[in-house]
Structures are given as structure tokens and as C-alpha cells.
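Observations on chain architecture
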Amino acid sequence: MRGAFAAAVIDWQRRAGRHDLPWQRPRTPYRVWVSEVMLQQTRAETVIPYFARFTARWPDVPALAAAGREEVLAAWSGLGYYRRAIHLHEAARRIVERHGGALPRDLEALAALPGIGRSTAGAILALAWGEPAPILDGNVRRLLARWHAVEGWPGRAAVACRLWALAEGHLPRRDVAAYTQGLMDLGATVCTPRRPACAACPVAFGCEARRRGDPCAYPAPAPRRRRPRRRTRMLVLRRGDGRVLLARRPPAGVWPGLWSLPECAPGDDPEAWCRVHLGFAARTEAVLPTVRHAFTHFELEIEPLLLTVEGAAAVGEGQVCWVGGEETQGLALPAPVRAILGRIGA
DNA sequence: CAAACGTGGAA
DNA sequence: TTTCCAAGTTT
């Protein structure tokens, strides 16, 4: 029965889905967009406080477009995948310039904006306007892979292509917003990766993976690869007035454009490193506890070292600054750096 | 197509 | 402790 899947999802969403997420009230295109970008590879519970602060400060596209990149990054600090913030900001400016300040109601125009791919574009169209556009995020991937018992890892183009076609095929003619929200709610709360609650699932009636006895066999897991471990040394250079030296990271790579602590190789003599690279003397005060930080593709072991700087050492312009106390709240700092500074009370 | 890109929570 | 992985996009 074609359409039975969508009908059941829509009915379930109205009865048991989520209706009180911050981006659902009010549900404007701008708020849908910001939330979708924040939610890329990020759980809703993590996003909620960031979304609240972000939209309170920049309630619409023109406000965001008028903001500075620095403050947008600072508002993103701790959320991860910082390129998203840069893209979001850049897209806001482009929307003001080329679309009169309103998000385009068009799949191609949306996907042409930085940070908006096919799935996010579809989500904006479906949730904000009820346009019949499919999405394919982790939830929908899992839901459809199970319902149709799709073999293969969705990272492979052929499998992804199949899933997109299935997503397209299930789209209802009406109630697209409730349907789309229902897919994500189902994936997040019922059709979970580990222990799906099939007894509570409104589409269990037609689920092929369940009929075969092992829903968790779908989708096939990604090929394994081990995560290398890297080590680095971060220097907490503290001045007499309590201020600490931060250095801006390059615009590409890890933590683009964020402020971090000066780094040297674990084997280097930190005091000599300071003289050579910063041009002033510092005395080693203490070795701080190691901070382990797990990235997606590698694990970082950070050995923080506390050093005292005599006098008010000056350093070059621009890419370096001395900060202290409340100031660090307004800066874009990577999570582990925030942890290290918090530990010494800076 | 593979790799890069953060972080935190759960098993 | 280790591993997985979550409302993906870009290069």
C-alpha cells in the first residue's frame, strides 16, 4: 500500500512526536535553517542552549549578516565543526545581498549557499514551508535502511542513491512538515541505533528488517579504521597581572580561526621555545594534568604546562593577545582549551 | 571516493 | 577504557 508509511508517520508525529523544541516555536525559515545547521552531526540536547543564545542575539537574517565573524565564532564555541558557523555567517550575508534578506524557497538556491547541502536544503523546504522535498540524515537513513532492508553501507554512493530514491518515493502530498519532523523524531526516539523500540513503532507493520529478525543489522556499519593518537604540548603563559597568552589559529585545519594556547612539540624545551618563537623569557611553574581530546579521526593528548612570564611581555601584532577573567567568555575557544583555562582559573 | 572537520553521551 | 555515532558538508 503506497502512502501507508507516510500516513503512519504523520499520525504518530501528531500523537507522540516532539512539538516543543525551541526551533519549533516559532518555526520561521531562519530558525529552521539555524537549527538544521547546528544539528548537523550534533544531538538536539547539545544544540538547544546554543540555539537559544544564538537566536536571541541574532533573531533574523539581517541581524546575523550584520554581525562580525569573530562574535559568531564565539557564540559557536564548544559546539564543534566551526566551519558551520563561518558558512552560516557567510550565507546570511549572501542572502541579504542576493535574496533580499529572505531565505530562497527553492532547492537549488538553498543548496548553493555555503553550509547547506541537499539534506539541509530539503529540511528547510519541508519544515519551514511544507514543500515536498526529501531529507536524508542519519535518522532517515537508518529508518529507510531498516524498513526496506537495504544492504550495504550508506557511505557508498550507490547505497546512498538508493536511499535518496526511497526517501523521495515516500514523500506525502500533504503534511510534509509533520512527516519530515516525524521521521526525525522516530529515528531519534524509537528507531534508535542500538535498541529500537519496535513495539512502539508506528511503521513496524511493514518493516522488512524487523520481519527478518534483526533490525540492527541495518544499515551496514562503516568499515573500521583505527584512530591514531597524537601528542602536543600547550603552554599556559601567565603574566604578573594574571593574563594569559592566546594565539589565533589559521583559517584552515582544526579549529579554524579560533583562539588557542601556544603549542610546541612534547620534546621541545618550552623556555627556549618561548625565547625563539615569542621573543620573551618564561619560567616553568608546573606541569598540569594531561587532557585527552577525542576527535573524529584522531585522538589528541594535550600536556599543558604552566609558565610564568616576568614583566608585561609584549608580542607581535594581531594574531596574539593577552586575556584574563571574563574576557575569555566572549572568545572562540576550543573545548579542551576552555578546560585547561578553567582549571587554572583564567 | 576518501578524508577532514568537534564534541559529548551512551553502551 | 574503547568504540560508536549524532538533524552532513566540503574539498
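Residues numbered from 1 in each chain as written. Chains lettered and ligands numbered in written order. Predicted model: local features only at pLDDT ≥ 70, side-chain atom pairs only at ≥ 80, totals over all residues. Heavy atoms only, no water.

An unreviewed UniProt entry annotates chain A as Adenine DNA glycosylase originating from Inmirania thermothiophila. As recorded by UniProt, the Sequence similarities (unreviewed entry) comment attached to chain A reads in full: "Belongs to the Nth/MutY family." Check the Function (unreviewed entry) section of the UniProt entry for chain A; it says "Adenine glycosylase active on G-A mispairs. MutY also corrects error-prone DNA synthesis past GO lesions which are due to the oxidatively damaged form of guanine: 7,8-dihydro-8-oxoguanine (8-oxo-dGTP)." (UniProt positions renumbered as here; feature names shortened; annotations may be inferred.)

The next thing to look at is the UniProt feature "domain: HhH-GPD" (unreviewed entry) in chain A. The positions UniProt marks with the feature "domain: HhH-GPD" (unreviewed entry) are residues 38-189. The annotated region residues 38-189 carries 66% helix and 0% strand content, and the separation between its end C-alpha atoms amounts to 19 Å. (Helix = DSSP H or I, 4+ residues; strand = E, 2+ residues; numbered from the N terminus.)

With that out of the way, let us pick up the pairing of strand 2 (residues 244-248). Looking down a regular strand, the side chains alternate between one sheet face and the other. Here strand 2 runs beside strand 8 (residues 320-323); their pairing, made up of four bridges, is antiparallel. Among the inter-strand pairings, Leu245 is bridged to a residue of strand 8, identified as Trp322. Two elements, strand 2 and strand 3 (residues 259-260), share two bridges in a ladder whose sense is antiparallel. For Arg248, the partnering residue across the bridge sits in strand 3 and is Trp259. (Pairing = 2+ DSSP bridges.)

For the structure on display, the rule yields nine aromatic pairs. Each ring, one from Phe295 and one from Phe298, has its centre 4.7 Å from the other, and the planes form 20°; the classification is stacked. Through a chain of ring-to-ring contacts, the aromatic side chains of Phe5, Trp147 and Phe205 assemble into a single cluster. When the ring centre of Phe298 is taken as reference, the NZ or CZ atom of Arg230 above it lies at 3.7 Å. Looking at Arg239, its charged tip hangs above the ring of Trp322, at a distance of 4.8 Å from the centre. (Phe/Tyr/Trp six-rings, centres within 6.5 Å; stacked < 30°, edge-to-face > 60°. Lys NZ or Arg CZ within 6 Å of the ring centre and 35° of its normal.)

A cis amide bond, omega -5°, links Arg25 with the succeeding residue Pro26. Checked against the element boundaries, Pro26 lands in the loop between helix 1 (4-16) and helix 2 (29-38). Residue Asp175 is not a glycine yet carries a positive backbone phi of 60°. Checked against the element boundaries, Asp175 lands in the loop between helix 10 (157-170) and helix 11 (176-189).

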